Amino acid sequence: ELTYSDHYTTDTRDQLLAKIEAHLRPARFAHVQRVEQTAIALAKQYGADIEKASIAGLVHDYAKQRPDSDFLQAITDYKLDPDLANWNNAIWHGVIGPEFIKRELGIYDEEILDAVRYHTTGNPYMTTLAKIIYMADYIEPARDFDGVEEARELTARDLDLGVAYQTWHTLTYLISENKAIYPKTIETYNAWVPNSG
Ligand code: GDP
Ligand code: FE
Ligand code: FE
Ligand code: FE
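Calculation criteria
Residues numbered from 1 in each chain as written. Chains lettered and ligands numbered in written order. Predicted model: local features only at pLDDT ≥ 70, side-chain atom pairs only at ≥ 80, totals over all residues. Heavy atoms only, no water. Donors = N, O, S within 2.8 Å, 3.2 Å for Na, K, Ca; no water. Helix = DSSP H or I, 4+ residues; strand = E, 2+ residues; numbered from the N terminus. Buried < 20%, exposed > 50% of the residue type's maximum accessible area, 1.4 Å probe, protein only. pLDDT = per-residue confidence, 0-100. Core = buried A, V, L, I, M, F, W, Y, C linked by side-chain atoms within 4.5 Å. Contact = heavy atoms within 4.5 Å. Near = heavy atom within 4 Å. Areas by Shrake-Rupley, 256 points an atom, 1.4 Å probe, with all protein chains shown as cover. Nonpolar A, V, L, I, M, F, W, Y, C, P; charged D, E, K, R; others polar. Phe/Tyr/Trp six-rings, centres within 6.5 Å; stacked < 30°, edge-to-face > 60°.

1. Quick word on the coordination of the iron ion (ligand 4)
Logical step 1: Coordination sphere of the iron ion (ligand 4), protein contribution only: His31 (NE2), His60 (NE2), Asp61 (OD) and Asp137 (OD), at 2.2 Å.
Logical step 2: Here the donor residues of the iron ion (ligand 4) are spaced in sequence according to H-x28-H-D-x75-D.
Logical step 3: Separation of the iron ion (ligand 4) from the iron ion (ligand 2) amounts to 3.6 Å, with Asp61 serving as a shared donor to the pair. Here His60 lies in the loop between α3 (50-59) and α4 (68-77) and His31 lies in helix α2 (residues 26-46), a separation of 29 residues in the sequence.
Logical step 4: With a relative accessible area of 4%, His31 lands in the buried category.
Logical step 5: Note on His60: relative accessible area 0%, which makes it buried.

Shown next, in the form of structure tokens:
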């Protein structure tokens, strides 16, 4: 079992798990543990920090099941970009999630927090850890959608190929559903997809 020793959190893994479980319904709690395990495997393959992969995987959806009012309050209280108020939970839980993770879980490592910030939309620049969380969320073992097997194969072959694949598929899906595209999603697309083969 993984023991945390690098001080990204003062909690043990079991203590951190208990705090996360208190904020998530059972299906979501199970998802974050699968993302953790997938992220740890990718961290071993791609030479990223195992502890950071564990912590980031566990906390990536920490804010997913909070009421909208919590996010709107955070936008005001912490003077975040006022345009965020025009979006919704799908965007907020990633972008604003770190505000709650810092204050409630005491995790301040900026690479872990950036991995959470970018897990839904990606980002033009991502560390290996951020790419791993972005992909682990997409390909964890319970994910089942057209293309998930190809996403798993590409990610196993080359992490960047997985990032480009997910980025193209997500934007294509959002457009096909007439959904609003968060600007960061477009920035990620422009950085990762054109001329990527
Ligand atoms: P989850 O939290 O594990 O369910 O997964 P994600 O955080 O990756 O995605 C949450 C939701 O955000 C999904 O339904 C995505 O399709 C959606 N999403 C991702 N990018 C955008 C975007 O640019 N605009 C909108 N409207 N939704 C998005
Ligand atoms: Fe998420
Ligand atoms: Fe995702
Ligand atoms: Fe997730």
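Still more ground to cover, so stick around.
2. Some details on the confidence of the model for the protein chain
Any segment with low pLDDT has predicted coordinates that should not be analysed in fine detail.
Logical step 1: For the protein chain, mean pLDDT is 97; residues scoring 70 or higher make up 99% of the total.
Logical step 2: Mean pLDDT per element in the protein chain: helix α1 (residues 13-21) is the minimum at 97, and helix α8 (residues 128-139) is the maximum at 99.

3. Overview of unusual backbone geometry
Most of the time, phi is negative for any residue but glycine, and the peptide bond is trans.
Logical step 1: With phi around 70 degrees, His7 is a residue other than glycine that occupies positive phi space.
Logical step 2: Topologically, His7 is positioned in the segment before α1.
Logical step 3: You will see that Lys79, though not glycine, has its phi angle at about 55 degrees, which is positive.
Logical step 4: Locating Lys79 in the fold gives a position in the loop between α4 and α5 (89-95).

4. Overview of the nonpolar core
Logical step 1: Core analysis: the largest hydrophobic core is formed by 56 residues, its most contacted members being Leu16, Ile20, Val59 and Ile96.
Logical step 2: Considering each element in turn, this core owes the most residues, nine residues, to α8.
Logical step 3: With residues near it in sequence (within four places) discarded, Ile96 still touches Phe71, Ala74, Ile75, Leu80 and Leu84.

5. Looking at the site of ligand 1
Logical step 1: Looking at ligand 1, there are 16 residues lining it, with Lys64, Thr120, Arg143, Ala180 and Thr185 nearest.
Logical step 2: Look at ligand 1: alone it shows 590 Å² of surface, and the protein chains cover 80% of it.
Logical step 3: Of all the elements in the fold, those that place two or more residues in the shell around ligand 1 are α2 and α5.
Logical step 4: The leading source of residues in the shell around ligand 1 is α5, at three residues.
Logical step 5: Split by residue class, the shell around ligand 1 holds six nonpolar, five polar and five charged.

6. Structural notes on the packing of aromatic side chains
Logical step 1: In total, this model carries four aromatic pairs according to the counting rule given.
Logical step 2: The interplanar angle of 25 degrees and the centroid separation of 5.5 Å between the aromatic rings of Phe71 and Trp92 together place this pair among those described as stacked. Linking Phe71 in helix α4 with Trp92 in helix α5, this pair joins segments that are 21 residues apart in sequence.
Logical step 3: A residue is classified by how much of its surface remains accessible, and Phe71, at 0% relative accessible area, is buried.
Logical step 4: The buried category is assigned to Trp92, whose relative accessible area is 3%.
Logical step 5: On the basis of an interplanar angle of 85 degrees and a centroid distance of 5.0 Å, the ring pair of Trp87 and Tyr182 is categorised as edge-to-face.

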